[in-house]
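Reading the structure
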2 protein chains.
Amino acid sequence: MLSKKTKYGLKALAYLASQKEKAPVQISEIAKCENISQKFLESILLSLRKSGFLGSKKGKGGGYYLIKEPNQVLMTDVMRVLEGPIAMVPCVSLNFYEKCADCPDEASCSVNKLMLMVRDANLEVYRNNTLADLIIS
Amino acid sequence: MLSKKTKYGLKALAYLASQKEKAPVQISEIAKCENISQKFLESILLSLRKSGFLGSKKGKGGGYYLIKEPNQVLMTDVMRVLEGPIAMVPCVSLNFYEKCADCPDEASCSVNKLMLMVRDANLEVYRNNTLADLIIS
DNA sequence: TGCTTACTCTATTAAATTAATAGGATAATA
DNA sequence: TATTATCCTATTAATTTAATAGAGTAAGCA
């Protein structure tokens, strides 16, 4: 299941991507338009800034803005920051690999095999989509 | 992330599917071979029986056994019972549809659009695999 | 019949994760 | 220097997941 954090983060990014002007947008505006708890959204936007997706400006006229063009932002990168590993088990994760404690041998693990296919299917979707593709005309 | 319940459930099903004999296999044997808490596995196998994947036999020589041939068991069905919806948000779920509380209109929702693609990619994998495909020679 | 075996069922608890909230600190603008 | 809006840390609430406990039931067999 997609966490609220990811859901809200995606909505906020799409909101920023759909702005004509590149001027900073306030948290309160995004929270209001997208029905998101403002305080919760604060922490999400903060983490998106720290991972290099957003820039921010304090004080009057301040807010958040996209650093890159929407079509330069891969969904793989966004999802990894918001939701964590794309793989459903650490033993098939590209960026967060970890051996399973209960599994003596990955090559003979039935779960590993299936989850590898699932990971690849998901990667394909996320790699072929950017923030620009999320925007609804 | 895949829950332990699902992981253990898949391993147990694969274990049963790989049996030459169709004789019932005891919980304790599966738990031991797959490094699973026996009590936890009990409840998982019980739910797999109640959803029609497994049969059981009590008493001496008892245990669990597959009802269908492994190649007749679609992973879509298994995953829905063990893990729940395949979709990452209820608003794109085929079998567990629900409207999002925070989202006024699905057609104009950026998350909905992406998650629809993800769902389809996952469905494709699960539909093209059966329990028989999980077995490692 | 009575003993053993192994699944059945309910309830509880522990642990971990997620979601939300509170409140003050900091920086930019006018 | 007052106002605005992000920044940061800490805490709490809620939910979900994982594990455990223990008594109950049915089947097989001597």
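What counts, and at which threshold
Residues numbered from 1 in each chain as written. Chains lettered and ligands numbered in written order. Predicted model: local features only at pLDDT ≥ 70, side-chain atom pairs only at ≥ 80, totals over all residues. Heavy atoms only, no water. Near = heavy atom within 4 Å. Polar contact = N/O pair within 3.5 Å; in protein donor to acceptor, adjacent residues only side chain to side chain. Helix = DSSP H or I, 4+ residues; strand = E, 2+ residues; numbered from the N terminus. Nonpolar A, V, L, I, M, F, W, Y, C, P; charged D, E, K, R; others polar. Domains from an automatic or database assignment. Contact = heavy atoms within 4.5 Å. Buried area = accessible area lost by both parts, 1.4 Å probe. Least-squares fit on C-alpha atoms with pLDDT ≥ 70 in both. Buried < 20%, exposed > 50% of the residue type's maximum accessible area, 1.4 Å probe, protein only. Salt bridge = Lys/Arg side-chain N within 4 Å of Asp/Glu carboxyl O. Phe/Tyr/Trp six-rings, centres within 6.5 Å; stacked < 30°, edge-to-face > 60°.

**Things to note about the protein's contact with DNA strand C**
Around DNA strand C, 26 residues are found, and the nearest of them are A:K4, A:K39, B:Q26, B:R49 and B:Y64. The sugar-phosphate backbone supplies 74% of the atoms of DNA strand C found within 4 Å of the protein. Within the contact set of DNA strand C, a phosphate oxygen lies 2.8 Å away from a backbone nitrogen or oxygen of A:K4. If you list the elements that add at least two residues to the surface near DNA strand C, you get α1 (4-17) and α3 (38-50) of chain A together with α3 (38-50), β1 (54-57) and β2 (63-66) of chain B. In the surface near DNA strand C, the residues fall into 6 nonpolar, 7 polar and 13 charged.

**Looking at the domain arrangement of chain A**
All names here are of chain A. As far as domains go, chain A holds domain 1 (4-66) and domain 2 (71-134). Measuring from the centre of the C-alpha atoms in domain 1 to the corresponding centre in domain 2 gives 26 Å. Between domain 1 and domain 2, the residue contacts involve 13 residues of the former and 10 residues of the latter. When the area that domain 1 buries against domain 2 is broken down by residue, the three leading residues are T6, L10 and F53, summing to 52%.

**Points about the relation of the copies chain B and chain A**
Mapping chain B onto chain A is achieved by rotating through 180° and translating by 0.0 Å along the same axis, at an RMSD of 0.0 Å. What we have between these two chains is a two-fold relation. For chain B, the minimum C-alpha distance to the rotation axis belongs to B:A121 and amounts to 2.8 Å. A shared binding surface is used by both copies, with 100% of the interface residues of chain B retained as interface residues in chain A.

**Some details on the protein's contact with DNA strand D**
If you check the shell around DNA strand D, you find 25 residues, and the closest are A:Q26, A:R49, A:S56, A:Y64 and B:K39. Per the 4 Å cut-off to the protein, sugar and phosphate atoms form 74% of the nearby atoms of DNA strand D. Take A:I27: an N or O atom from its main chain is 2.9 Å from a phosphate oxygen of DNA strand D. Take A:E42: an N or O atom from its side chain is 3.3 Å from a base nitrogen of DNA strand D. Elements with a contribution of two residues or more to the surface near DNA strand D: α3, β1 (54-57) and β2 (63-66) of chain A together with α1 (4-17) and α3 of chain B. At 5 residues, α3(A) tops the list of elements feeding residues into the surface near DNA strand D.

**With respect to the side chain of A:T76**
Position of A:T76 among the secondary structure elements: in helix α4 (residues 75-82). Using a relative accessible area of 5% as the deciding quantity, one classes A:T76 as buried.

**So, the pattern of salt bridges**
Under the counting rule described, the total for this entry stands at 10 salt bridges over all chains. One salt bridge in this structure joins A:E42 and A:K39, with 3.7 Å as the shortest N-O distance. With a gap of 3 residues between them, A:E42 and A:K39 both fall in helix α3, about one helical turn apart. Assessed through its relative accessible area of 28%, A:E42 is described here as partly exposed. Beyond isolated ion pairs, a larger network of salt bridges with shared partners links A:K7, A:K11 and B:D102.

**Digging into unusual backbone geometry**
Phi at A:N35 takes a positive value of approximately 55°, unusual for a residue other than glycine. Its place among the elements puts A:N35 in the loop between α2 (27-33) and α3.

**Focus: the environment of B:L41**
Residues and elements named next belong to chain B. Mapped onto the fold, L41 is located in helix α3. For L41, a relative accessible area of 0% translates into the label buried. Contacts of L41, omitting those with residues within four sequence positions, involve Y8, A12, I27, I30, A31 and I36.

**Digging into the packing of aromatic side chains**
Aromatic ring pairs are reported here in terms of the distance separating the ring centres and the angle at which the planes meet. All names here are of chain B. By the definition in use, this model includes 2 aromatic pairs over all chains. Measuring from centroid to centroid gives 5.7 Å for Y8 and F40, while their planes differ by 80°, and the two rings are edge-to-face. Of this pair, Y8 sits in helix α1 while F40 sits in helix α3, and the two are 32 residues apart along the sequence.

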